[in-house]
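Overview (structure and organization)
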Amino acid sequence: MKGVTCIPLAFMLVVTIVVASATSSWAFSSSFINPAVAVPPHQAFPTHVHALHATRKPEDEQNDNESPTKKPWTFGVLTNGFPVPQQLLVPVVKFVTFQVWRLMMNELVTHDEQGRFVRTYAPRSSEGPSPLELTGRYRLYLGNPCPWCHRVKSAMALLELDEDISVTTLIDDAEKASKGGWILPDEAAGSDDIASELRTGDLAGVYNYCYRDSLEEGERYAGRCTAPCLVDVTRGTIVSNESNDILVLLNEYARRKRTAASAASDAAAAVANSAVDLRPVGMEDEIDTASEYWFNLLWNGAYKCGFATTQTAYDEAASDVLQGLKEMNDHLNNNAYLVGDSITEVDVKNFAWVTRHDFAYTVIFKSPGGRIAQYPHIASYVRRLVTEYPRLLDTVDMPDACGSYYRQLFMLNVGRIVPYIPSVREWVAGL
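Residues numbered from 1 in each chain as written. Predicted model: local features only at pLDDT ≥ 70, side-chain atom pairs only at ≥ 80, totals over all residues. Heavy atoms only, no water.

Applying the stated criterion to the full structure yields 17 salt bridges. Between Arg 279 and Glu 345 there is a salt bridge, and its shortest N-O distance comes to 3.3 Å. Of the two residues, Arg 279 sits in the loop between helix 8 (267-272) and helix 9 (284-299) while Glu 345 sits in helix 12 (residues 345-361), which places them 66 residues apart along the sequence. In this structure Arg 279 comes out as buried when scored by relative accessible area, which is 12%. For Glu 345, a relative accessible area of 2% translates into the label buried. Residue Lys 349 pairs with Glu 345 through a salt bridge whose shortest N-O separation is 3.1 Å. Of this pair, Lys 349 and Glu 345 both sit in helix 12, separated by 4 residues, roughly a single helical turn. (Salt bridge = Lys/Arg side-chain N within 4 Å of Asp/Glu carboxyl O. Helix = DSSP H or I, 4+ residues; strand = E, 2+ residues; numbered from the N terminus. Buried < 20%, exposed > 50% of the residue type's maximum accessible area, 1.4 Å probe, protein only.)

What follows deals with the sheet that holds strand 4 (residues 166-172). Strand order in the open sheet formed by 5 strands is 5-4-3-6-7, and the pairing between neighbours is mixed. The open sheet is flanked by strand 5 (182-183) and strand 7 (237-240), the only strands paired with a single partner. Against the sheet, helix 5 (residues 147-158) contacts strand 3 (138-143) and strand 4, and its axis sits at roughly 130 degrees relative to strand 3. (Pairing = 2+ DSSP bridges. Contact = heavy atoms within 4.5 Å. Axes fitted to C-alpha atoms, helices over the stretch in contact; angles between N-to-C directions.)

Bringing the packing of helix 11 (residues 311-334) against helix 13 (residues 376-388) into the picture now. It is the contact of helix 11 with helix 13, at a shortest axis distance of 7 Å, that shows an interaxial angle of 65 degrees. Once helix 11 is placed against helix 13, the crossing between them reads as left-handed. Contacts between helix 11 and helix 13 pair Leu 325, Met 328, Asn 329, Leu 332 and Asn 333 from the former with Pro 376, His 377, Ile 378 and Tyr 381 from the latter. For the contact of helix 11 with helix 13, a count of residues per class yields 6 nonpolar, 3 polar and no charged. (Left-handed = near helix turned anticlockwise from the far one by under 90°. Nonpolar A, V, L, I, M, F, W, Y, C, P; charged D, E, K, R; others polar.)

On to the packing of aromatic side chains, then. One pass over the structure, following the stated rule, counts 16 aromatic pairs. A ring pair is formed by Tyr 207 and Tyr 211, whose centres lie 6.4 Å apart and whose planes are at 20 degrees; its orientation type is stacked. Residue Tyr 207 is classed as buried on the basis of its relative accessible area, which comes to 0%. Tyr 211 sits in the partly exposed class, given a relative accessible area of 30%. Plain terms: the ring middles of Tyr 207 and Tyr 221 are 5.2 Å apart, the flat faces sit at 35 degrees to each other, and that makes the pair tilted. (Phe/Tyr/Trp six-rings, centres within 6.5 Å; stacked < 30°, edge-to-face > 60°.)

Now for a nonpolar patch on the surface. A contiguous nonpolar surface patch, about 220 Å² in accessible area, is contributed by Val 84, Leu 88 and Val 92. The residue Val 84 is located in the loop between helix 3 (77-80) and helix 4 (86-108) in this model. When its relative accessible area of 32% is taken as the criterion, Val 84 is described as partly exposed. (Patch = residues over 30% accessible without salt bridge, like charges linked within 9 Å, V, L, I, M, F, W, Y side chains within 5 Å. Areas by Shrake-Rupley, 256 points an atom, 1.4 Å probe, with all protein chains shown as cover.)

This is the structure in structure tokens:
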């Protein structure tokens, strides 16, 4: 996230207090809140919620019709009056709140003049990254909440490269990171053979180290420090931080590893690494075209909904998502996969989107169309994927992944309340 000045932050705090006072009575006295919302059977609350209810003491119970004995402190604007008429106060508060929110959104991501979210990319070499060497000299930096990291982690699992390329699982904590939102876990044992900057601190430190030869002494990397990030730990350089490129590199690496095993008459190794080819030769253009299509409608469409700062921008993005859901459901009515007759990188990318759709994108991003269970052919496709490739179920922690959107995107969730989110296995069982 780009830096935000102290003045807007302080201003936002004041405005938030006033807004809470000026709007709380209206919200809770209107029909805006519907108390009769039932939880679908397959989304029943988890055990720890029932345990919490069971441990509540009688004195903790509060009759809904009774006035609470202890209430949060407020200015009492609507109950005690205010120096200016409410008809003037409410529009002013709404206007100021909107301006502060838009400032925060523009600090977070890039928009065009119409308020549309514009995804920015780091400069890429026209030649692309060089093929990976079969030497085990690489390390991937992946964060569980990130769908672009998830697609890479899924490819690693399907291609069975866990023993070939080490993975550092990043933690999303913008309060501890010196830049961006990713920090590294506690220093891993057995990693003394690589630079300390690549195993401690935060992802910004990894970028600073990898660009050390092009930076002046004391200078820090000026670009965005994003994940996934594939690093050559021997040279201390970044191979790629673009998920599409990394997927191609991993699949090509697995293919060469399979060929090498066959050449060495290692039949067992060749068979073990022959089950999946995410980018079959001759299908590259079809795969890339499909990836771009679903990216524009769904995978990035959800983000365009969530980060839109005008109604027009949101309506355009919402229309794309609705179109994408319908077309994907129709396509999967007659096809087992999104491209071809076997799993490809398009399905891997789609799995990262679909596991976040119900409990992150539809709620905090206002991505329309309802739950995946409402699309029978998409739901059947997801069940088939995880049945045929059960390792996919271990590639994502859904409560953490979806919950991160609520915890970190505070400008979209000022109250910081995280809803109930099932595990990926619970979610699939309910489809």
